[in-house]
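The chain contents come next:
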Amino acid sequence: MAPSNTRIFSLPTAELHLHIEGTLEPELVFELAENNGVALPFDSVEALRERYQFTSLQSFLDLYYDCMSVLQTRADFRTLGERYLERAYEQGVRHAEIFFDAQAHTIRGVDAEEVLDGLLDALEAGARKGISGGLILSFLRDRPVAEALETLESLAHRAGDLLGVGLDSAEVGYPPELFTPVFARAKELGLRLVAHAGEEGPAAYVREALDLLGAERIDHGIRSLEDPELIERLRRERIPLTVCPLSNVKLAVIPTLAEHPILDLLDKEILVTVNSDDPAYFGGYLADNMAGLVDAFPALDGALERLARNSVEASFASDERKAELHALIDEWASRA
Ligand code: HPA
Ligand code: ZN
């Protein structure tokens, strides 16, 4: 690791855009397939890794949902969560707000509470090691709205174990507006609200997510840059964008890291954060994303502290935990 990378990897951050199923590394796919007697359409870890070449969000989602078939028990989800938290910790993450795609499991016959309990087990283990966090139930926007509502109702008695709800999967053709009743019910249950918008979809989807769903944070949101009035609103209202640079390049949302709009967003004083999305598939965890950006934009090195503080501000951590996280960043800055 180069010296500057040591600094990047020790920067204390909050990860706010992370799909736990997207942390399923090929080795774990094979390990769980063997444990659970699941037949895989790939012969080896290497053969699976060779499939990690995507041309769009959908081309990734096809493989992402296929690989999930190996996740079946509470223990599997605990293992998945623990391995992510260990890797994230090594990359400076000290708070993680984690998406899970309950419907991707319930439609295969896995009980949503097994998923939830396994992930809560992992978070408990993580908390003992110094990572705080919570779970965000993310609805699959390319499946029926009624199914999302049923999923939410099935976990309503566990609302206290959830941080919030989100909206993910294939974006174009599935505008946020469709999910207005689902988000209204989530709000009634006291849950925090976030939504993917403006990844492949237009800036208008970001507006809908804010105005119709009541989203407090926008996941991706980079296409907001096509709408100057929207950008001004994001700045004024300090609405966070959880940006995922390696994901954007891997899914061909942006041609290369050097063309990523992170500097433009910082210049425009948007509350932008850096996150890893689906790190097992996109070539890196949070600090790998930061390191890639600094490589592409050396000027960003001077903005690392700001990005870390943005991640804390944009998080749903308690005020007390936020103060602890800022103190960790103070310590890092005094060493840097
Ligand atoms: N976008 C939308 N849905 C997703 C993603 C993403 O990047 N990753 C996992 N589900
Ligand atoms: Zn995502």
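Everything that follows concerns the structure shown earlier in this document.
So, how was this worked out
- Residues numbered from 1 in each chain as written.
- Chains lettered and ligands numbered in written order.
- Predicted model: local features only at pLDDT ≥ 70, side-chain atom pairs only at ≥ 80, totals over all residues.
- Heavy atoms only, no water.
- Core = buried A, V, L, I, M, F, W, Y, C linked by side-chain atoms within 4.5 Å.
- Buried < 20%, exposed > 50% of the residue type's maximum accessible area, 1.4 Å probe, protein only.
- Contact = heavy atoms within 4.5 Å.
- Near = heavy atom within 4 Å.
- Polar contact = N/O pair within 3.5 Å; in protein donor to acceptor, adjacent residues only side chain to side chain.
- Areas by Shrake-Rupley, 256 points an atom, 1.4 Å probe, with all protein chains shown as cover.
- Helix = DSSP H or I, 4+ residues; strand = E, 2+ residues; numbered from the N terminus.
- Nonpolar A, V, L, I, M, F, W, Y, C, P; charged D, E, K, R; others polar.
- Disulfide = S-S within 2.5 Å.
- Phe/Tyr/Trp six-rings, centres within 6.5 Å; stacked < 30°, edge-to-face > 60°.
- Donors = N, O, S within 2.8 Å, 3.2 Å for Na, K, Ca; no water.
- Tetrahedral: all angles 85-135°; square planar, octahedral: opposite > 155°, others 65-115°.
- Axes fitted to C-alpha atoms, helices over the stretch in contact; angles between N-to-C directions.
- Parallel < 35°, antiparallel > 145°, perpendicular 65-115°, else oblique.
- Salt bridge = Lys/Arg side-chain N within 4 Å of Asp/Glu carboxyl O.

1. Looking at the nonpolar core
General note: in soluble globular proteins, nonpolar side chains tend to be found buried as a group. Ranked by internal contacts, the top residues of the largest apolar core, which has 108 residues, are Tyr84, Phe100 and Tyr281. Contact partners of tyrosine 84, with chain neighbours within four places excluded, come to Glu15, Leu18, Ile20, Thr23, Val93, Ala96, Ile98 and Tyr285. Counting five residues, the second-largest nonpolar core is a separate cluster that includes Ile136, Leu163, Val194 and Phe316.

2. What to know about the site of ligand 1
Around ligand 1, the neighbouring residues are His19, Leu57, Phe60, Leu61, Tyr64, Asp168, Ser169, His196, Glu199, His220, Asp277 and Asp278. Between ligand 1 and histidine 19, the relevant distance is 3.4 Å, taken from a nitrogen atom to a side-chain nitrogen or oxygen of the residue. Side-chain polar atom of aspartate 277 to an oxygen atom of ligand 1: 2.8 Å apart, as the coordinates give it. Considered on its own, ligand 1 offers 260 Å² of accessible surface; in the complex 100% of this is hidden by protein. When residues in the shell around ligand 1 are grouped by element, the largest group, four residues, is from helix H4 (residues 57–67). A breakdown of the residues in the shell around ligand 1 according to their chemical character gives four nonpolar, four polar and four charged.

3. Digging into the state of the cysteines
Following the criterion strictly, the structure yields zero disulfides and no others. In this model cysteine 67 remains outside any disulfide bridge; the closest cysteine sulfur is found in cysteine 244, 19 Å from its own. Under the relative-accessibility criterion, cysteine 244 is labelled buried at 0%.

4. Observations regarding the packing of aromatic side chains
Enumeration according to the criterion identifies ten aromatic pairs in this entry. When the ring of tyrosine 64 is compared with that of tyrosine 281, the centres are 6.2 Å apart and the planes differ by 70 degrees; the resulting orientation is edge-to-face. One end of the pair, tyrosine 64, is in helix H4; the other, tyrosine 281, is in helix H14 (residues 279–282), with 217 residues separating them in the sequence. A relative accessible area of 1% places tyrosine 281 in the buried class.

5. Remarks on the coordination of the zinc ion (ligand 2)
At the metal site, the zinc ion (ligand 2) is ligated by His17 (NE2), His19 (NE2), His196 (NE2) and Asp277 (OD), and these contacts range over 2.0 to 2.2 Å. Each of the four donor atoms bound to the zinc ion (ligand 2) contributes to angles spanning 81 to 173 degrees, and the resulting shape is irregular. Here the donor residues of the zinc ion (ligand 2) share one chain and are spaced in sequence as H-x1-H-x176-H-x80-D. Of this pair, histidine 19 sits in the loop between strand S1 (13–15) and helix H2 (26–36) while histidine 196 sits in strand S5 (residues 192–197), and the two are 177 residues apart along the sequence. Neither histidine 19 nor histidine 196 differs from the other in exposure class; each is buried.

6. Quick word on the packing of helix H16 (residues 304–314) against helix H17 (residues 319–335)
H17 packs onto H16 with a crossing angle of 170 degrees between their chain directions and a minimal axis gap of 10 Å. In terms of orientation, H16 lies roughly antiparallel with respect to H17. The residues of H17 that touch H16, namely those facing Leu304, Glu305, Ala308, Arg309, Val312 and Glu313, are Lys322, Leu325, His326, Ile329, Asp330, Trp332 and Ala333. Classifying every residue of the contact of H16 with H17 gives seven nonpolar, one polar and five charged.

7. Some points on the environment of isoleucine 20
Its place among the elements puts isoleucine 20 in the loop between S1 and H2. Overall, the relative accessible area of 0% leaves isoleucine 20 in the buried class. Through-space distance from the C-alpha of isoleucine 20 to that of proline 144 is 22 Å; in sequence the pair is 124 residues apart. Ignoring any residue separated from it by four or fewer positions in sequence, one finds isoleucine 20 in contact with Leu80, Gly81, Tyr84, Ile98, Phe99, Phe100 and Leu119.

8. Structural notes on the side chain of threonine 242
Take threonine 242: it is sitting in strand S7 (residues 241–243). In this structure the side chain of threonine 242 is engaged in a polar contact, spanning 3.1 Å, whose partner is the side chain of histidine 17. Beyond its immediate chain neighbours, meaning those up to four positions away, threonine 242 contacts Leu16, His17, Arg217, Ile218, Asp219, His220, Thr273 and Asn275.

9. Let's talk about unusual backbone geometry
Phi at histidine 220 takes a positive value of approximately 75 degrees, unusual for a residue other than glycine. By the secondary structure assignment, histidine 220 is in strand S6 (residues 217–220). Although it is not a glycine, aspartate 277 sits at a positive phi angle of roughly 65 degrees. With respect to the helices and strands, the residue aspartate 277 is situated in the loop between strand S8 (272–274) and H14.

10. Points about the pattern of salt bridges
Following the criterion strictly, the structure yields 28 salt bridges and no others. Of the charged contacts in the structure, one is a salt bridge between glutamate 216 and arginine 192, with a shortest N-O distance of 2.7 Å. Here glutamate 216, found in the loop between helix H10 (203–211) and S6, pairs with arginine 192, found in strand S5; they are 24 residues apart in sequence, far enough to count as distant. Glutamate 324 serves as the salt-bridge partner of arginine 321, at 2.7 Å between the closest nitrogen and oxygen. A residue pair is termed a helical-turn pair when its members lie 3 or 4 positions apart in one helix, as arginine 321 and glutamate 324 do in helix H17 at three residues. The exposure class assigned to glutamate 324 is partly exposed, which follows from its relative accessible area of 39%.

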